[in-house]
Amino acid sequence: MSQTMNKSVGASRSAVLRRNAFKPIAVGMSRAPAVVSNAQPASAGIVEPLMVRAARGEKVERAPCWMMRQAGRYQKSYRELAKKHPSFRERSETTELIVEISLQPWNSFKPDGVILFSDILTPLPGIGVNFDIDDNKGPIIDTPIRTLEQVKQLHAMDFSKVDFVGRALTQLRSEVNNQAAVLGFVGSPWTLATYLIEGGSTSLYKTIKTMCFSAPEVLDALLSKLADAMAEYIKYQIRAGAQCVQIFDSWGGQLPPREWEKWSGPYLKRIIASVKAEYPTVPLTLYANGSGGLLERLATTGADVIGVDWTTDMADARRRIPSTQSVQGNVDPAILFASHDAIEDAVRDCLRKGGGQRHILNLGHGVLVGTPEEGVAHMFDLSKRLTYADVAQH
């Protein structure tokens, strides 16, 4: 589609979307979420984005493609913006900057999904938890939560603390004009709890894993609070314009399968059931890093799409995940440093093993810092060129 055509079609689509789906987010919101979109299927005559259709299992001619961390430091445009706005929280909590950063990969590569630039910790102030992000140490929780009294002090989501997220999603829907899916995301209860309990990033998870046995009632209370808050946060993102939402159970793979079934799985099911009760047609993706031993369990959560990391062969994942669910992934992020031929070989292999339908092409983890932009561009170009028919023939 030409640039001129994009503008004319985009303008009319944008008008329809704004008229039929969006209402501006009110200033000075209380804890009650604003209703800014009806999040129902697109109006008659507007074809929903390829990624939405693939996630739902509708027949499509090629696998849609987006990348985790597709907006970030590997892009020169992001690095230049970061020089002017050195604080990560400023970049991720200012509507105009969120929109600009989220659109940088869209403007460069035209992926099939445009994910909100944000952080899984962003909603924490909405439940009463303050945090900071240190350039060297990463996230820092002011007061780690380790007692039942502290858990009881957490409150229901105050959406006025995240109104920049809602505004950004609404603007992204208007900017992208249904040419790609707009994605929101949240952290899983277990993953968020690791930060809240450990006080920041960790490689051992010693404190929270010990609490599984020494203070299970405290951990259950915290995970339950987080599950309810994240369910409402997902619904808020959907009302604001998100067409798909990914749940990052980033550190779920740190749990043995038996413990995951107790300390992560039930709270993920609680979130997904709550969201699906109100928005049954909005695809939800569940991704857990290092989840090769958990794939069958992830599939029991009710998520529409299961994200697969690069350490699992996609053919194995496709066999282990029910055919009624879609898969996402799982090209090794490091391949983007390699030659174009090596990238094409990896992409074709992933597409062949993805099953021919119900597959969202992605990396098995986020784009690595220092990744050549031309490598990213080549994978996106391939995704548009390689139809399922072409992959099957070669």
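What you see is a predicted model, and the numbers here were worked out from it, not measured in a lab.

Engineer: Pulling in residues and values, what's your account of the overall build of the protein?
Structural biologist: Check the secondary structure of the protein and you find 17 helices and 9 strands. Across the 394 residues in the protein, those meeting the buried criterion constitute 56%. Residue pairs at least 24 apart in sequence account for 73% of intrachain contacts in the protein once pairs closer than 6 positions are excluded. Surface exposure of the protein reaches about 16,000 Å², of which carbon and sulfur atoms provide 51%.

Engineer: Please set out the pairing of strand β8 (residues 326-331) residue by residue, giving values where relevant.
Structural biologist: Of all 6 residues in β8, 6 are buried; the element is thus mostly enclosed. Strand direction decides the pairing type here: strand β7 (residues 305-307) and β8, joined by 3 bridges, are parallel. Opposite Val-305, over in β8, you have Ser-326 as the bridge partner. Taking the sense of rotation as the criterion, the β-α-β connection linking β7, helix α14 (residues 314-320) and β8 turns out right-handed. The pairing of β8 with strand β9 (residues 359-363) spans 5 bridges and is classified as parallel.

Engineer: Can you lay out helix α9 (residues 206-214) for me, pointing to particular residues and giving the numbers?
Structural biologist: Along α9, the residues classified as buried are Ile-208, Met-211 and Cys-212. Here the buried residues of α9 occupy an arc of 110 degrees about the axis, which is enough to place them on one side. With respect to the buried face of α9, the exposed residues turned more than 90 degrees away are Lys-206, Phe-213 and Ser-214. Where α9 is buried, its residues meet α8 (189-198), α10 (216-240) and α11 (257-263).

Engineer: Pulling in residues and values, what's your account of the packing of helix α3 (residues 76-84) against helix α5 (residues 95-109)?
Structural biologist: Close contact between α3 and α5 brings their axes to 9 Å; oriented N to C, the two are set at 160 degrees. If you check the angle between α3 and α5, you find them roughly antiparallel. Judged by the sense of rotation from one axis to the other, the crossing of α3 with α5 is left-handed. Of α5, the residues touching α3 (which contributes Ser-77, Tyr-78 and Leu-81) are Leu-97, Glu-100, Ile-101 and Gln-104. Residues of the contact of α3 with α5, tallied by class, amount to 4 nonpolar, 2 polar and 1 charged.

What counts and what doesn't
- Residues numbered from 1 in each chain as written.
- Predicted model: local features only at pLDDT ≥ 70, side-chain atom pairs only at ≥ 80, totals over all residues.
- Heavy atoms only, no water.
- Helix = DSSP H or I, 4+ residues; strand = E, 2+ residues; numbered from the N terminus.
- Buried < 20%, exposed > 50% of the residue type's maximum accessible area, 1.4 Å probe, protein only.
- Contact = heavy atoms within 4.5 Å.
- Areas by Shrake-Rupley, 256 points an atom, 1.4 Å probe, with all protein chains shown as cover.
- Pairing = 2+ DSSP bridges.
- Right-handed = clockwise from strand over helix to strand, strands pointing away.
- Arc of directions from axis to C-beta.
- Axes fitted to C-alpha atoms, helices over the stretch in contact; angles between N-to-C directions.
- Parallel < 35°, antiparallel > 145°, perpendicular 65-115°, else oblique.
- Left-handed = near helix turned anticlockwise from the far one by under 90°.
- Nonpolar A, V, L, I, M, F, W, Y, C, P; charged D, E, K, R; others polar.

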